[in-house]
Amino acid sequence: MMNLETLSIDQARAALTSGETTATALAESHYARIAQEDGKINSYLSLAKDRALAQASKIDALVKAGDPLPPLAGVPLGIKDVLTMVGSPATAGSKILEGYHPPYDCTAVAKLEAAGAVLLGKLNCDEFAMGSSNENSAYGPVHNPRALDRVPGGSSGGSAAAVAAGFCVASLGTDTGGSIRQPAAFCGVTGLLPTWGRVSRYGLIAFASSLDRIGPFTRNVKDAATLLGVMAGSDIMDATASHTPVNDYVAESQKPVAGLKIGVPEEYFGEGLDPEIRAAVEKSIADLKAAGCEIKKISLPHTRYAIPTYYVIATAEASSNLSRFDGVRFGLRDKSAATLTGMYRQTRDAGFGAEVKRRILLGTYALSAGYYDAYYKKAQQVRTLLTRDFLSAFADVDAIVTPMTPTPAFKLGEKTDDPVAMYLADVYTVAASLAGICGVSVPCGNTKDGLPIGVQILGKHFAEGMALRVAQAVENAQK
Amino acid sequence: MSETVTLDVVRRVAELALLELKDDEVARMQKDLNAILGHIDQLNELDTAGVPPMAQVSEILGGQVEASAEALREDVVRPSIDRTAVLREAPEADHRFFKVPKVIER
């Protein structure tokens with residue numbers, strides 16, 4: 001009997017080629033587990049059984065014929081519900097998109113399927129990816145599989161929880177200000193934030209376009225490298241998808257780390273950091289040193305300004321992106337209004353939750369006449385300073401290691417009444433988001449209460465191979 | 001340093017954003033916006049005179065890597081998503097148009 005909670009891409013492939021299982025049986029056993037266990041986690045919003053089983057039978061036919069298998073043959077994946085997939089709803093965790101079935105596939109999702117993956121269904125998230133706890137979903141919160149009374153993190157909470165709970169081998173999430181890395185840390189799985197522009201965003205329901213990225217959740221670093229290799233690259237449907245050459249991330253991730261220079265920024269180890277997390281991260285740094293890395297103290301002096309900068313830029317872009325939800329082209333419409341403007345306003349009132357309204361208001365305020373220079377332009381200037389911090393640090397080091405979160409997963413309901421406290425939980429994630437650099441969130445231990453702890457490995461722009469390589473060394477030291 | 005956001009400002013911004021807020025929501029949003037803007041005021045500690053604003057990651061990378069957001073595709077006609085499939089998702093449509101409440105009075 002296969003252990004669905006620990007199954008990796010390599011193991012799934014081996015089981016398929018040896019005839020131990022079939023792609024169909026693998027998909028069915030995941031669906032059975034979801035049916036039995038997801039009631040208490042709430043990770044899936046919809047299942048794509050027809051599409052998944054059709055793909056699985058194609059893969060089984062390849063196996064039977066002895067044909068060469070694509071890299072992700074038969075691997076069951078879950079997809080965050082902000083990404084489009086023909087045949088499935090795309091709610092973005094919002095009531096305003098209830099009933100919407102997008103007529104096209106997200107490029108990243110289509111690439112995974114073309115590489116043989118079996119797409120099981122769509123995963124819960126904070127509404128329009130706005131949140132750090134998954135409590136802003138219109139379809140109910142996700143529970144952390146490692147402690148059901150705690151949040152899984154957000155916004156890609158369903159994507160992290162589904163991998164941790166054995167409801168898929170890997171999943172896709174999105175990260176605008178930490179939404180892959182923080183839930184990965186809270187649920188004890190690996191999360192990869194690719195460089196901005198590395199993976200096409202065609203088919204991603206936009207939140208903040210200068211920050212949004214798509215990336216994988218996996219059970220090990222090598223699987224994350226495999227999925228990135230499949231998804232990375234330019235796309236005629238997304239002018240922001242970079243033409244920078246795609247590397248062999250798996251090969252790079254498996255190289256030894258001896259001789260690499262690792263930066264440890266003092267600003268990430270200050271007040272507010274949980275002592276157990278500090279100890280676990282320091283242990284990982286010691287492990288890297290033992291593996292032959294040179295550890296260097298560095299400074300990223302503008303770090304404390306990252307959260308205020310992020311909450312101006314992200315909300316300003318969101319207020320613009322979310323203006324498309326107006327009851328005309330998709331999803332919900334309030335039919336009681338007699339005028340067009342009334343219809344827009346009442347639809348948006350009925351369709352958006354409190355956090356989305358809060359961010360639209362903040363962003364609209366920051367962009368409005370008289371405040372643009374004081375807020376939006378100021379934040380863009382500080383964004384330059386934050387990015388310069390990283391560029392000068394990376395002149396001296398190959399990767400930067402920091403804690404992933406200041407605390408382990410907090411309790412459901414603990415921060416919902418205080419938006420500022422919730423925003424401060426993003427303290428270690430948003431600077432890398434603003435700078436556009438890549439990063440990996442890797443499990444590095446547990447608290448004495450058994451809650452997962454994550455460590456963040458940051459790499460410079462388009463240096464995913466290097467970040468994954470250091471992440472692999474951290475993972476190896478856990479074994 | 002920021003002025004306090006008043007209830008009237010919240011209502012005006014909601015109007016700009018095409019959001020309908022109930023009275024209790026206006027009060028809640030006023031409290032939250034002031035708390036968040038109070039935190040954002042920290043940015044004024046920094047002297048940013050002469051620092052260029054950064055709108056896109058690619059701007060700051062210059063020639064270091066092939067920049068994103070500058071990738072233009074060949075300008076050729078390609079098929080787009082079928083109109084029927086798009087209109088099927090609209091709350092109200094006839095076979096060619098999205099339908100909305102009347103905007104022009106006779």
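Residues numbered from 1 in each chain as written. Chains lettered and ligands numbered in written order. Predicted model: local features only at pLDDT ≥ 70, side-chain atom pairs only at ≥ 80, totals over all residues.

Caption draft 1: Layout of the overall build of chain A. When its secondary structure is counted, chain A shows 16 helices and 11 strands. For chain A, whose C-alpha radius of gyration is 21 Å, the value lies close to the compact-globule estimate of 23 Å for 479 residues. Each principal axis of the C-alpha distribution contributes one length, and for chain A these read about 65 × 55 × 45 Å. Of all 479 residues assigned to chain A, the portion counted as buried reaches 63%. Looking at chain A alone, contacts between residues at least 24 apart form 76% of all its contacts between residues at least 6 apart. (Helix = DSSP H or I, 4+ residues; strand = E, 2+ residues; numbered from the N terminus. Rg over C-alpha atoms; globule rule 2.2 N^0.38 Å. Buried ≥ 20, exposed ≤ 12 C-beta atoms within 10 Å, placed from the backbone. Contact = placed C-beta atoms within 7 Å.)

Caption draft 2: Region of interest: the overall build of chain B. Helices and strands together make up the secondary structure of chain B, namely 4 helices and 0 strands. If you list the helices and strands of chain B from N to C, you get α-α-α-α. Expressed as a percentage of the 106 residues in chain B, the buried residues total 20%. For chain B, restricting intrachain contacts to residue pairs at least 6 apart in sequence, the fraction spanning at least 24 positions comes to 30%.

Caption draft 3: Looking closely at the pairing of strand β2 (residues 76-80) of chain A. Residues and elements named next belong to chain A. Within β2, 5 of the 5 residues are buried, which leaves it mostly tucked inside the rest of the structure. Here β2 shows no split at all, with Pro-76, Gly-78 and Lys-80 on one side and Leu-77 and Ile-79 on the other all buried. Relative to strand β3 (residues 118-123), β2 runs parallel, the two being bridged by 5 bridges. Along β3, the bridge assignment pairs Gly-78 with Gly-121. With helix α4 (residues 107-114) bridging β2 and its parallel neighbour β3, the resulting β-α-β unit is right-handed. Pairing of β2 with strand β4 (residues 170-175) involves 3 bridges; the strand directions are parallel. Residue pairing in the sheet places Leu-77 in a bridge with Ala-170 of β4. (Pairing = 2+ DSSP bridges. Right-handed = clockwise from strand over helix to strand, strands pointing away.)

Caption draft 4: Main features of the interface of chain B and chain A. On the side of chain A, 60 residues touch chain B, which itself brings 46 residues to the contact. Looking at the side of chain B that touches chain A, the elements that each hand over two or more residues are α1 (7-16), α2 (23-40), α3 (57-61) and α4 (83-87) of chain B. Sorting elements by how many residues they give to the side of chain B that touches chain A places α2 of chain B first, with 7 residues. Taken together, the residues that form the side of chain B that touches chain A break down as 34 nonpolar, 6 polar and 6 charged. (Nonpolar A, V, L, I, M, F, W, Y, C, P; charged D, E, K, R; others polar.)

Caption draft 5: How the structure looks around helix α9 (residues 275-290) of chain A. All names here are of chain A. For α9, with 16 residues, the first-to-last C-alpha span of 22 Å sits near the 22 Å given by 1.5 Å per residue. Within α9, the full set of buried residues consists of Ile-277, Ala-280, Val-281, Ser-284 and Leu-288. Viewed along the axis of α9, the buried residues span an arc of 95 degrees, placing them on a single side of the element. Relative to its buried face, α9 has exposed residues pointing more than 90 degrees away, namely Pro-275, Ala-279, Ala-286, Lys-289 and Ala-290. The secondary structure elements touched by the buried residues of α9 are β7 (261-265), β8 (294-298), β9 (399-403), β10 (438-446), β11 (452-459) and α16 (464-478). Within two residues after α9, Gly-292 carries a phi angle of roughly 105 degrees, on the positive side. (Expected span 1.5 Å × (residues − 1). Arc of directions from axis to C-beta.)

Caption draft 6: Spotlight on the sheet that holds β4 of chain A. All names here are of chain A. As summarised here, the arrangement of the 11 strands in space is β1-β3-β2-β4-β6-β5-β10-β11-β9-β7-β8, forming an open sheet in which the pairing is mixed. Edge strands, defined here as strands with exactly one partner in the open sheet, are β1 (44-47) and β8. In this sheet, neighbouring strand axes are inclined to one another by 30 degrees on average, regardless of whether the strands run parallel or antiparallel. Across 4 bridges, β9 lies against β11 in antiparallel orientation. (Axes fitted to C-alpha atoms, helices over the stretch in contact; angles between N-to-C directions.)

Caption draft 7: Looking closely at the packing of helix α2 (residues 23-37) of chain A against helix α3 (residues 49-65) of chain A. Residue and element names in this part refer to chain A. It is at 7 Å that the axes of α2 and α3 come closest, and there the two elements cross at 150 degrees. In terms of orientation, α2 and α3 fall into the roughly antiparallel class. Here Ala-23, Thr-24, Ala-27 and Tyr-31 of α2 come into contact with α3, specifically with Lys-49, Ala-52, Leu-53, Ala-56, Ser-57, Ile-59 and Asp-60. Here the contact of α2 with α3 is built from residues that sort into 7 nonpolar, 2 polar and 2 charged. (Parallel < 35°, antiparallel > 145°, perpendicular 65-115°, else oblique.)

Caption draft 8: Here's a closer look at the environment of Val-420 of chain A. Residue and element names in this part refer to chain A. Inspection of the secondary structure puts Val-420 in helix α14 (residues 419-424). The class of Val-420 is partly exposed, set by 14 C-beta atoms lying within 10 Å. Between the C-alpha atoms of Val-420 and Ile-307, which are 113 residues apart in sequence, the distance is 10.0 Å.

Caption draft 9: Local environment of the packing of α9 of chain A against α16 of chain A. All names here are of chain A. Running from N to C, α9 and α16 cross one another at 105 degrees; their axes reach a closest spacing of 9 Å. It follows that α9 is roughly perpendicular to α16 by the angle criterion. Of α16, the residues touching α9 (which contributes Ser-284, Asp-287 and Leu-288) are Val-470, Ala-473, Val-474 and Ala-477. For the contact of α9 with α16, the per-class residue count stands at 5 nonpolar, 1 polar and 1 charged.

Caption draft 10: How the structure looks around unusual backbone geometry. Residues and elements named next belong to chain A. Here the residue pair Gly-154 and Ser-155 is connected by a cis peptide bond, since its omega of 5 degrees sits within 30 degrees of zero. Considering the arrangement of structural elements, one finds Ser-155 in the loop between β3 and α5 (157-165). A positive phi is found at Ala-129, a non-glycine position, where the angle reads about 65 degrees. Along the chain, the position of Ala-129 falls in the loop between β3 and α5. On the basis of neighbour count, Ala-129 is assigned to the buried category, with 29 C-beta atoms found within 10 Å.

Caption draft 11: Structural context of the domain arrangement of chain A. All names here are of chain A. Parsing chain A into structural domains produces domain 1 (9-253), domain 2 (262-301 + 385-418 + 430-478) and domain 3 (308-373). Taken together, the contacts link 41 residues of domain 1 with 34 residues of domain 2. For the side of domain 1 that touches domain 2, the secondary-structure elements that each account for two or more residues are α6 (181-187), β5 (190-193), α7 (221-231) and α8 (249-253). Element by element, the count of residues in the side of domain 1 that touches domain 2 is highest for α6, at 6 residues. Looking at side-chain class alone, the side of domain 1 that touches domain 2 contains 18 nonpolar, 15 polar and 8 charged residues. (Domains from an automatic or database assignment.)

Caption draft 12: Local environment of helix α1 (residues 9-17) of chain A. Residue and element names in this part refer to chain A. Buried within α1 are the following residues: Ile-9, Ala-12 and Leu-16. Down the axis of α1, the smallest arc covering the buried residues is 65 degrees, so these residues share one side. The positive-phi residue at the C-terminal boundary of α1 is Gly-19, with phi of around 85 degrees.

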